[in-house]
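# Commentary on secondary and tertiary structure
Residues per chain are reported as follows:
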Amino acid sequence: MLQSKRELLKAAFDGQETDRIPIGFWHHFILGTEQFQGLENEDIRDRAVLGHKKYYETVNPDMMKLMNEGFMGYPPVMDNELKTGEDLLRIKSIGEDHPWITEQVKHVKKLTDLFGKEVMTFYNVFAPVQVIRIRLEFYDLDFERFVYLAENFPEELYKAGMEIQKDLMILLKKLFKETSLDGIYYCVQNIQSTMYTKEVYDRYIRPTEIELLELANRLSDYNILHICGYAHHKNDLKFYIDYKSKAYNWAVFTEGVSLSEGRKLFKGKCILGGFDNNPDTLIDTGSKEEVEAFAKKLIRESGYKGYILGADCSIPNRIDDGRIRWISDIANKELNEK
């Protein structure tokens, strides 16, 4: 009997033989400052749900990554100038009854209720200090201040991260208790500064994010660690080789670390990726024949154990979902040709 989509993905996560290669791609459905304003605007949340639904119906994916857009605006970070160490120290836990947590859980439940019986679902969760970076880079469009804060106020950044981690841990507990969520897609990234060697990272950043990952692993056997190379941010993947997760996703093209090399680095665990996610690359501009040929190449090279066909990160929003359906159809066609 053929594996269901849920069985297929679990088998891939567990390193077992799969009937075919599962696919998992995703992109944003809400753009710009609205990504931070869903708590105040129910219409944004509704459009996000409709976007996920349309994507699912068009692409026929084997998993659904649920985007946290609308809720990227963590209140103590949004209500803050984020210019000094004192500003960072003003970031304090908001507690389990805050609407940012309770409304977010309701939103995720709507999404898991839509897809959870057919495919596994994973909620996007930014590591604590990344919540600050996302605000500065995607809301303020200030691409230098996060590194400035990290270099000049490392102790204060650490303390802010620990406060944010408290609330994200509350959020995770509620999500796994009150929804049918299968796991999280946990986003980490090196601080883009030469000051942040692994020793410095382990001192100031790792403590703010590792407890959250460990909690996720206690709540679910199926979590994905995403080492984010979005917009060509570079990472030393070795920072994360002891970050335990069921599957690993990194920027193959930006980092220059192939799928096979990454599989060795992460000790044979399940890997996710293969396509460059950046604009004007194959997935964005290639012909149908070129996209299908590359998908077949990835399947042939990566094999039928511990591999999920996807991209380095979120794909450009301008891409027609029908292009991703090409890849989905190849994965399903390959079932008959294996």
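Before going into details, it helps to say that this report is about the structure given with it. Source: prediction; values computed, not measured. (Residues numbered from 1 in each chain as written. Predicted model: local features only at pLDDT ≥ 70, side-chain atom pairs only at ≥ 80, totals over all residues. Heavy atoms only, no water.)

In terms of burial, strand β7 (residues 270-275) is largely enclosed, as 6 of its 6 residues are buried. Across 3 bridges, strand β6 (residues 247-250) lies against β7 in parallel orientation. Following the sheet pairing, Asn249 is matched in β7 by Leu272. With 5 bridges joining them, β7 and strand β8 (residues 307-311) adopt parallel strand pairing. Counted as the bridge partner of Gly273 is Leu309 from β8. (Buried < 20%, exposed > 50% of the residue type's maximum accessible area, 1.4 Å probe, protein only. Helix = DSSP H or I, 4+ residues; strand = E, 2+ residues; numbered from the N terminus. Pairing = 2+ DSSP bridges.)

The next thing to look at is the nonpolar core. Counting residues in each nonpolar core, the largest one holds 107 residues, and the members touching the most others are Phe13, Phe25, Ile132, Trp250, Phe275 and Leu309. The biggest single contributor to this core is helix α8 (residues 154-178), with 9 residues. Beyond its immediate stretch of four places on either side in the chain, Trp250 contacts Ile227, Leu237, Glu255, Val257, Ser258, Leu259, Gly262, Arg263, Phe266, Ile271, Leu272 and Asp312. (Core = buried A, V, L, I, M, F, W, Y, C linked by side-chain atoms within 4.5 Å. Contact = heavy atoms within 4.5 Å.)

Another point: the environment of Arg135. Locating Arg135 in the fold gives a position in helix α6 (residues 128-139). Engagement of the side chain of Arg135 in a polar contact is seen with the backbone oxygen of Val77, the distance being 2.6 Å. At 2.9 Å, the side chain of Arg135 forms a polar contact with the backbone oxygen of Asn80. (Polar contact = N/O pair within 3.5 Å; in protein donor to acceptor, adjacent residues only side chain to side chain.)

If you check the backbone angles, His232 has positive phi at about 70 degrees while not being a glycine. Along the chain, His232 falls in the loop between β5 (224-227) and β6. One non-glycine residue, Lys267, lies in the positive phi region at around 55 degrees. Tracing the sequence through the fold places Lys267 in the loop between α12 (259-265) and β7. You can call Lys267 exposed: its relative accessible area is 65%.

Turning our eyes to something else, we now look at the packing of α6 against α8. For the pair α6 and α8, interaxial distance at closest approach is 7 Å and the crossing angle is 105 degrees. Taken together, the axes of α6 and α8 are roughly perpendicular relative to one another. Contact residues: Pro128, Val129, Val131 and Ile132 in α6; Leu157, Ala160, Gly161, Ile164, Gln165 and Leu168 in α8. (Axes fitted to C-alpha atoms, helices over the stretch in contact; angles between N-to-C directions. Parallel < 35°, antiparallel > 145°, perpendicular 65-115°, else oblique.)

For the rest of this paragraph, the subject is the sheet that holds strand β3 (residues 120-126). Read across the open sheet, the 8 strands follow the order β1-β8-β7-β6-β5-β4-β3-β2; overall the sheet is parallel. A single partner strand is all that each edge strand has here, and the edge strands are β1 (23-24) and β2 (63-66). Relative to β3, β2 is paired through 4 bridges, and the arrangement is parallel. Counted as the bridge partner of Lys65 is Phe122 from β3. Along the sheet, helix α1 (residues 5-13) contacts β2, β3, β5, β6, β7 and β8; its crossing angle with β3, the most-contacted strand, is approximately 55 degrees. Its contacts with the sheet place helix α5 (residues 99-115) against β2 and β3, and it is angled at close to 165 degrees to β2.

Attention now moves to the pairing of β8. Along β8, 5 of the 5 residues are buried, which leaves the element largely enclosed by surrounding structure. Neither face of β8 is left uncovered, since the one carrying Tyr307, Leu309 and Ala311 and the one carrying Ile308 and Gly310 both have all their residues buried. Judged from the 2 bridges that link them, β1 and β8 form a sheet pairing that is parallel. Within β8, the position partnered with Ile23 by the bridge is Leu309.

So, on to the pattern of salt bridges. Summed over all chains, the structure comprises 24 salt bridges. Glu34 is paired through a salt bridge with Arg47; the nearest N and O atoms lie 2.9 Å apart. Residue Glu34 is found in the loop between β1 and α2 (42-59), and its partner Arg47 is found in helix α2; the two are separated by 13 residues along the sequence. Residue Arg47 is classed as partly exposed on the basis of its relative accessible area of 32%. (Salt bridge = Lys/Arg side-chain N within 4 Å of Asp/Glu carboxyl O.)

Attention now moves to helix α10 (residues 206-219). Here α10 contains 14 residues, and its C-alpha end-to-end distance of 20 Å stays within 8% of the 20 Å for a straight helix at 1.5 Å per residue. Taken together, the buried positions of α10 are Thr208, Glu209, Ile210, Leu212, Leu213, Leu215 and Ala216. On its buried face, α10 sits against β3, α6, α8, β4 (183-188) and α9 (198-204). (Expected span 1.5 Å × (residues − 1).)

Moving on, we come to the side chain of Gln189. In this structure, Gln189 sits in the loop between β4 and α9. The exposure class of Gln189 is buried, given its relative accessible area of 1%. Within the structure, Gln189 has its side chain in polar contact with the backbone oxygen of Cys228 (distance 3.1 Å).

Applying the stated criterion across every chain, the model contains 0 disulfides. Cysteine Cys187 is unpaired, with the sulfur of Cys228 as its nearest cysteine sulfur at 6.2 Å. Classification of Cys187 as buried rests on a relative accessible area of 4%. Cys187 provides the cysteine sulfur closest to Cys270, a residue in no disulfide bond, and the two sulfurs are 16 Å apart. (Disulfide = S-S within 2.5 Å.)

Remember, this is a structural readout, not a statement about activity or role.
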